[in-house]
Amino acid sequence: MRVIGGRFRSRRLKSMPGLAVRPTPDRLRETLFNILAPEIEGTVFLDAYAGTGAVAIEALSRGARRIILFERNPAALAIIQDNLSSLQISAEAMVYRGNAPTLIPKHQADIAFVDPPYQHLRDYQAALESLSETQCALVIAQHDTQTTLPEAVARLRCSRVLRQGSNVLSFYRRMPD
């Protein structure tokens, strides 16, 4: 696994063996950040189910000011710390161990990425509900083609759905108050 673009372009990232963490494929990450390019600069980017940290690190590489990562798995947390240290960006990242829907209200972000394990369908709803109560302007949920997410969750409305292979990115924008 590697960083696709930006200041850390082509730098290798550690990943976890096995199926405990399902990294976002490079091609999907590249598509995501090509879409986000006009609005990523200077933002606080939240990766609510960080896994290896690749999505948040890509955001920082592409111009985010700061990244916030949540992860429950202790082995994945160690990989995240290794990846941040190898790029010397630990000072630009805040890493927390715990349940994303519980941690979300305690942190402010401009853009959030939600990618729970696909078998944890309730986590999508819980994370979207938590994010809808924050000032987060854009939420992207990665899911498989078999999962249908709601059109709206409180003040978040789905504005775009992008399919790539067996993966889907659903983009939710905050509606004005």
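No experiment lies behind these values; they were computed from the predicted model shown.

Definitions and cut-offs
- Numbering of residues starts from 1 in each chain and follows the order in which that chain's sequence is written.
- For this predicted model, a pLDDT threshold of at least 70 governs which residues receive local features, and a threshold of 80 or more governs which side-chain atom pairs are given and counted, while totals over whole chains, interfaces and linings are taken from all residues.
- Hydrogens and water are ignored here; the side-chain numbers use all heavy atoms of the structure.
- Under the scheme used here, helices are H or I runs from DSSP no shorter than 4 residues and strands are E runs no shorter than 2 residues, and both carry numbers assigned from the N terminus.
- To estimate how far a helix should extend, the number of its residues minus one is multiplied by 1.5 Å.
- Each residue is assigned to one of three classes by its accessible area relative to the maximum for its type, calculated with a 1.4 Å probe on protein chains only: buried under 20%, partly exposed between the two thresholds, exposed over 50%.
- For Phe, Tyr and Trp, where Trp contributes only its six-membered ring, two rings pair if their centres lie within 6.5 Å, and the inter-plane angle classes them as stacked under 30 degrees, edge-to-face over 60, or tilted in between.
- In this analysis the charged atom, NZ for Lys or CZ for Arg, is taken to sit over a ring once it is within 6 Å of the ring centre and within 35 degrees of the ring normal.
- By definition, residues are in contact when any of their heavy atoms lie within 4.5 Å.
- Here, axes are lines fitted to C-alpha atoms. For helices the fit covers the stretch in contact, and angles between N-to-C directions go from 0 to 180 degrees.
- An angle below 35 degrees is read as roughly parallel, one above 145 as roughly antiparallel, one from 65 to 115 as roughly perpendicular, and any other as oblique.
- For any pair of crossing helices, the crossing counts as left-handed if the nearer helix is rotated counterclockwise from the farther one by less than a right angle, and right-handed if it is rotated clockwise.
- In this classification, Asp, Glu, Lys and Arg are treated as charged, Ala, Val, Leu, Ile, Met, Phe, Trp, Tyr, Cys and Pro as nonpolar, and every other residue, Gly included, as polar.
- When DSSP locates at least two bridges between a pair of strands, those strands are taken to pair.
- In the analysis that follows, any N or O atom pair within 3.5 Å is treated as a polar contact, provided that within protein one partner can donate a hydrogen and the other can accept it, and provided that, for residues neighboring in sequence, both atoms belong to side chains.

Concerning helix 5 (residues 121–132)
Right, on to step 1. When the terminal C-alpha atoms of helix 5 are compared, their 17 Å separation across 12 residues agrees well with the 16 Å that a helix rising 1.5 Å per residue should span.
Right, on to step 2. All of the buried residues along helix 5 are Asp123, Tyr124, Ala127, Leu128, Ser130, Leu131 and Ser132.

Here's the deal with the packing of aromatic side chains
Right, on to step 1. A complete count under the given rule lists 2 aromatic pairs for this structure.
Right, on to step 2. Ring geometry for phenylalanine 33 and phenylalanine 45: centres 6.0 Å apart, planes at 40°, overall tilted. Linking phenylalanine 33 in helix 1 (residues 26–40) with phenylalanine 45 in strand 1 (residues 44–47), this pair joins segments that are 12 residues apart in sequence.
Right, on to step 3. Of the residues examined, phenylalanine 33 reaches a relative accessible area of 1% and is grouped as buried.
Right, on to step 4. Look at phenylalanine 70 and tyrosine 96: their rings are 6.1 Å apart centre to centre, the planes differ by 65°, and that puts the pair in the edge-to-face class. Placement of phenylalanine 70 in strand 2 (residues 66–71) and of tyrosine 96 in strand 3 (residues 93–97) is noted, with a sequence separation of 26 residues between them.
Right, on to step 5. Judged by relative accessible area, which is 0%, phenylalanine 70 ranks as buried.
Right, on to step 6. Above the face of the phenylalanine 171 ring, arginine 160 is positioned so that its terminal group lies 5.9 Å from the ring centre.

Considering the environment of leucine 138
Right, on to step 1. One can find leucine 138 in strand 5 (residues 138–144).
Right, on to step 2. What makes leucine 138 buried here is its relative accessible area of 1%.
Right, on to step 3. Separated by 36 residues in the primary sequence, leucine 138 and threonine 102 place their C-alpha atoms 19 Å from one another.
Right, on to step 4. What leucine 138 contacts, discounting residues up to four positions off in sequence, is Leu36, Glu39, Asp110, Ile111, Ala112, Phe171, Tyr172 and Arg173.

Some details on the packing of helix 1 against helix 2 (residues 54–61)
Right, on to step 1. Relative to each other, helix 1 and helix 2 sit at 40°, their axes nearing to 10 Å. Comparing their axes, helix 2 and helix 1 come out oblique. Crossing angle aside, the handedness with which helix 1 passes helix 2 is right-handed. Across the interface between the two elements, Arg29, Leu32, Phe33 and Ile40 of helix 1 pack against Ala54, Val55, Glu58 and Ala59 of helix 2.
Right, on to step 2. Among the residues making up the contact of helix 1 with helix 2, the classes are represented as 6 nonpolar, no polar and 2 charged.

What about the sheet that holds strand 4 (residues 111–114)?
The pairing of strands in a sheet happens through backbone hydrogen bonds and is either parallel or antiparallel.
Right, on to step 1. Pairing is mixed in the open sheet, where 8 strands are placed in the order 3-2-1-4-5-8-7-6. A strand with exactly one partner marks an edge of an open sheet, and here the two such strands are strand 3 and strand 6 (152–153).
Right, on to step 2. The pairing of strand 1 with strand 4 spans 3 bridges and is parallel. The residue bridging phenylalanine 45 from the neighbouring strand is isoleucine 111, located in strand 4.
Right, on to step 3. Sitting on the sheet, helix 2 is in contact with strand 1, strand 2 and strand 4, with an inclination near 180° to strand 2.
Right, on to step 4. Helix 5 contacts strand 1, strand 4, strand 5, strand 6, strand 7 (156–164) and strand 8 (167–174) of the sheet and is inclined by roughly 175° relative to strand 5.

Notes on unusual backbone geometry
As a rule of thumb, non-glycine residues mostly have phi less than zero, and peptide bonds are mostly trans rather than cis.
Right, on to step 1. Unlike most non-glycine residues, serine 10 shows phi in positive territory, near 75°.
Right, on to step 2. Inspection of the secondary structure assignment puts serine 10 in the segment before helix 1.
Right, on to step 3. The backbone of glutamine 88 shows a phi angle near 60°, a positive value even though the residue is not glycine.

Some words on the side chain of glutamine 142
Right, on to step 1. Assignment of secondary structure puts glutamine 142 in strand 5.
Right, on to step 2. For glutamine 142, the side chain forms a polar contact with the side chain of threonine 24, separated by 2.7 Å.

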